[in-house]
Amino acid sequence: MKKKTRHGGAGCPSRDCSGGDTNRQKSLTEGQKKSIPVSIGHEGKRCNYCGCVYIKNHDLNMSTHTILGFLDNGIFGEGWHEYKE
Ligand SMILES: [Zn+2]
């Protein structure tokens with residue numbers, strides 16, 4: 001079954017996320033930051049639908065994201081899972 005995916009916009013940047021709308025995108029808590037083995041600045045966000053952790057890049061003309069991985073993802077399980085293309 002083909003699922004409609006959404007790219008860009010203000011919601012979750014993960015291609016596989018079907019329910020990560022804008023108000024599910026939260027800043028990481030200090031505890032969540034400690035669960036992640038990579039350095040994430042204050043720009044880090046997490047989608048509380050799929051657990052996608054990403055950084056918003058500030059480009060002049062477009063909004064892009066760098067996905068670092070998933071924290072407590074419903075499919076991958078609990079803990080940290082590094083993002084792989
Ligand atoms: Zn998501």
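The text that follows walks through the structure, step by step, so that each part is easy to find. Each chain has its residues counted from 1, following the order in which its sequence is written. Residue-level local features of this predicted model are given only where pLDDT is at least 70; pairs of side-chain atoms are given and counted only at 80 or more, and the full residue set underlies all totals for whole chains, interfaces and linings.

## A few points about the overall build of the protein chain
Here is step 1 of the chain: For the protein chain, the helix and strand inventory stands at one helix and five strands.
Here is step 2 of the chain: Reading the protein chain from its N end, one meets helices and strands in the order β-α-β-β-β-β.
Here is step 3 of the chain: Our exposure labels follow a C-beta count within 10 Å of each residue's own C-beta, placed from the backbone: buried means 20 or more other C-beta atoms, exposed means 12 or fewer, and partly exposed covers the counts in between. In the protein chain, which comprises 85 residues, the proportion classed as buried is 20%.
Here is step 4 of the chain: A pair of residues counts as a contact when their C-beta atoms, built from backbone coordinates, are separated by no more than 7 Å. Partitioning the contacts of the protein chain with sequence separation of at least 6, the portion at a separation of at least 24 is 34%. Counting from the N terminus, the helices are the DSSP runs of H or I reaching at least four residues and the strands are the DSSP runs of E reaching at least two.

## Some words on the sheet that holds strand 5 (residues 77-82)
Here is step 1 of the chain: Taken together, five strands build an open sheet; the order of strands is 1-2-3-4-5 and the sheet is antiparallel. Strands at the two margins of the open sheet, each flanked by one partner only, are strand 1 (25-27) and strand 5. The mean inter-strand angle of the sheet, taken between neighbouring strand axes irrespective of direction, is 35°.
Here is step 2 of the chain: Note on pairing: DSSP must find at least two bridges between two strands before they are called paired. Sheet topology note: the strand 4 (residues 63-73)/strand 5 ladder contains four bridges and is antiparallel. Opposite leucine 71, over in strand 5, you have tryptophan 80 as the bridge partner. All axes are obtained by fitting lines to C-alpha atoms, using only the stretch in contact for helices, and the reported angles, taken between N-to-C directions, cover 0 to 180 degrees.

## Some thoughts on the environment of isoleucine 40
Here is step 1 of the chain: Along the chain, isoleucine 40 turns up in the loop between helix 1 (30-34) and strand 2 (44-47).
Here is step 2 of the chain: By C-beta crowding, isoleucine 40 is classed as partly exposed, having 18 other C-beta atoms within 10 Å.
Here is step 3 of the chain: Residues isoleucine 40 and leucine 68, spaced 28 residues apart in sequence, show a C-alpha to C-alpha distance of 8.9 Å.
Here is step 4 of the chain: Ignoring sequence-local partners within four residues, the contact set of isoleucine 40 consists of Leu28, Lys33, Ile55 and Leu68.

## A few points about the pairing of strand 5
Here is step 1 of the chain: A small share of strand 5 lies buried, amounting to zero of its six residues.
Here is step 2 of the chain: Between strand 4 and the antiparallel strand that follows it, strand 5, lie three residues.

## Points about unusual backbone geometry
Here is step 1 of the chain: Notably, aspartate 72 is not glycine yet its phi reads approximately 55°, a positive angle.
Here is step 2 of the chain: Relative to the helices and strands, aspartate 72 resides in strand 4.
Here is step 3 of the chain: Aspartate 72 sits in the partly exposed class, given 17 other C-beta atoms within 10 Å.

## Brief notes about the nonpolar core
Here is step 1 of the chain: Counting residues in hydrophobic clusters, the biggest one holds 10 residues: Cys12, Cys17, Cys47, Cys50, Cys52, Val53, Tyr54, Leu68, Phe70 and Leu71.
Here is step 2 of the chain: Apart from residues no more than four positions distant in its own chain, valine 53 is found in contact with Leu28, Ile36, Gly44, Arg46, Leu68, Gly69, Phe70 and Leu71. Only buried residues count toward a nonpolar core: Ala, Val, Leu, Ile, Met, Phe, Trp, Tyr and Cys, linked into one set through C-beta atoms within 7 Å.

## With respect to the environment of leucine 68
Here is step 1 of the chain: The residue leucine 68 is located in strand 4 in this model.
Here is step 2 of the chain: Between the C-alpha atoms of leucine 68 and isoleucine 55, which are 13 residues apart in sequence, the distance is 7.6 Å.
Here is step 3 of the chain: Residues contacting leucine 68, with those up to four places away along its chain left out, are Val38, Ile40, Val53, Tyr54, Ile55 and Tyr83.

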